[in-house]
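What the coordinates show
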Amino acid sequence: MEVIETIVIQSTEVEERETVVCSVDTDRSKAEFIWTLQATWHLVNTRLEMDPAFDQPVCKKKKLWETVAEKVNAKLRESEVTDVTVKAYECDLKWRNMLATYRKNSERAKRLGASSVHWEFFKAMNETLGKSREEIEAQRRAKLSGTRVGKAIASKRFTPILPNPPTAAAPCSTARPPQDVLQLYMELQERKMNMWAQQKALEERKIEAINNLAQAISSLAEKNSTQMSKEGH
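Residues numbered from 1 in each chain as written. Predicted model: local features only at pLDDT ≥ 70, side-chain atom pairs only at ≥ 80, totals over all residues. Heavy atoms only, no water.

As for the pattern of salt bridges
Let me state the cut-off plainly: Here, a salt bridge means any Lys or Arg side-chain nitrogen found within 4 Å of an Asp or Glu carboxyl oxygen. A simple rule labels every residue: compare its accessible area, found with a 1.4 Å probe on the protein chains alone, to the largest value its type can have, and call it buried under 20%, exposed over 50%, or partly exposed in between. Numbering of helices and strands runs from the N terminus; a helix is a DSSP stretch of H or I covering at least four residues, while a strand is a stretch of E covering at least two.
This structure, assessed with the given rule, holds two salt bridges. One salt bridge connects Asp51 with Arg47, and the closest N-O pair in it is separated by 3.1 Å. With a relative accessible area of 16%, Asp51 lands in the buried category. Residues Asp92 and Arg96 are paired through a salt bridge, measuring 3.1 Å at the closest nitrogen-oxygen approach. Of the two residues, Asp92 and Arg96 are both situated in helix H4 (residues 88–112); the distance of four residues between them amounts to about one turn of the helix.

In C-alpha cells, the structure reads:
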C-alpha cells in the first residue's frame, strides 16, 4: 500500500500563498491532482456557495464533498482541463489547509488591519466565513422581508417560552467532624452498656425472687410436717 504525503509549506508571513508538495511514486505521479491557481479558485467558490449546506447541524459531509468534487471537475472540463479529476477527499484536505491559512490571516487582519493581508483567497473567504451568526440571521430576514413567508413570520405572534424557575436546592447536611462521630459512637456504646446492666439487674432480681419463693415453700412444708408429727403423738 503506497502512502501519499501532502505537506503544506508556509513561509513566516502567513498571508503568502500555500505551496503544496506531493511526494508520490514516479509511476503514479501523472495520476495525482495538482492544485493550480485556477483549480483552487474553483474549489473556493464552490465550497463557499455550499457553505449553508455544510453549516447544517445534521449533514453528510462525505456526500457534500463528493458534490464539491463533481462541480470542480465540471468547471475544469469547461476550461479544457481534463487530464486528472480531483477526488472528494482531496478537496476536503485542500480546504482544511486553506481554512488553517485563512484563520491565521484573519488573526493578522484583526491585529494589523485588512490591508496587511495579501493572500489572494482571503477576501473571498472572509466575506462568507467572517460573518457572525447575527449578521447571517439579519441577512436571511432581509431576504424574507418582502416575501409572503417573511410577512407571515413578521405578522405572527409568538408566545415566549420562559424558562422554568430554578428549584431551590435542598440544604445539604453538613458532614460531622471526626470528633463528633467518635463522641456519638461512645454515647451509643455507653447506652448499650447501661441497657445490658439494667437487664442483668432484672435477671438477678428474678433469681432472688425465685430463691425466696423456694425458701418460703420449704419452710412452710417443714412447718406442716412438724405440726403433723405432733398431732400423731
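Picking up after the structure, the text goes on.
Here we look at H4
Given 3.6 residues per turn, any residue in an α-helix points the same way as the ones three and four places further on. The cut-off we apply is this: In a helix, the anticipated span is given by 1.5 Å times the number of residues less one.
Here H4 contains 25 residues, and its C-alpha end-to-end distance of 36 Å stays within 8% of the 36 Å for a straight helix at 1.5 Å per residue. Directly beyond the C-terminal end of H4, a positive phi value near 100° is found at Gly113.

Observations regarding the packing of helix H1 (residues 37–49) against helix H5 (residues 122–129)
Definition in use: To obtain each axis, a line is fitted to C-alpha atoms, and for helices this fit is confined to the stretch in contact; angles are then taken between N-to-C directions over 0 to 180 degrees. Reported orientations rely on four angle classes, namely roughly parallel under 35 degrees, roughly antiparallel over 145, roughly perpendicular from 65 to 115, and oblique for the rest. In what follows, a contact means two residues having at least one pair of non-hydrogen atoms within 4.5 Å. Residue polarity follows a fixed list, in which Ala, Val, Leu, Ile, Met, Phe, Trp, Tyr, Cys and Pro are nonpolar, Asp, Glu, Lys and Arg are charged, and the others, Gly among them, are polar.
Running from amino to carboxyl end, H1 crosses H5 at an angle of 10°, the nearest separation of the two axes being 10 Å. As far as their axial angle goes, H5 and H1 are roughly parallel. For the pair H1 and H5, contact is made by Trp41, Val44 and Leu48 and by Ala124, Met125, Thr128 and Leu129, respectively. Its residues assigned to classes, the contact of H1 with H5 comprises six nonpolar, one polar and no charged.

Description of the nonpolar core
This is how it is decided: Put simply, a nonpolar core is a bunch of buried Ala, Val, Leu, Ile, Met, Phe, Trp, Tyr and Cys residues held in one set by side-chain atoms that sit within 4.5 Å of each other.
Trp65, Val68, Cys91, Trp119 and Met125 are the most contacted members of the largest nonpolar core, which totals 28 residues. Residue assignment for this core shows that the elements contributing at least two residues are H1, helix H3 (61–78), H4 and H5. A per-element tally of this core places H4 first, with seven residues. Excluding residues within four positions of it along the chain, Trp65 makes contact with Leu43, Arg47, Phe54, Ala88, Cys91, Asp92 and Trp95.

Some thoughts on the side chain of Asn73
Mapped onto the secondary structure, Asn73 falls in helix H3. Not counting chain neighbours up to four residues away, the residues in contact with Asn73 comprise Thr85 and Val86.

Section: the packing of aromatic side chains
Heads up, the condition is: For Phe, Tyr and Trp, where Trp contributes only its six-membered ring, two rings pair if their centres lie within 6.5 Å, and the inter-plane angle classes them as stacked under 30 degrees, edge-to-face over 60, or tilted in between.
Evaluated as defined, the whole model comprises five aromatic pairs. Ring centres of Trp41 and Phe121 lie 4.7 Å apart, and the angle between their planes is 50°; on these two criteria the pair is classed as tilted. Of this pair, Trp41 sits in helix H1 while Phe121 sits in the loop between H4 and H5, and the two are 80 residues apart along the sequence. According to the relative accessible area criterion, Phe121 is buried, its value standing at 5%.

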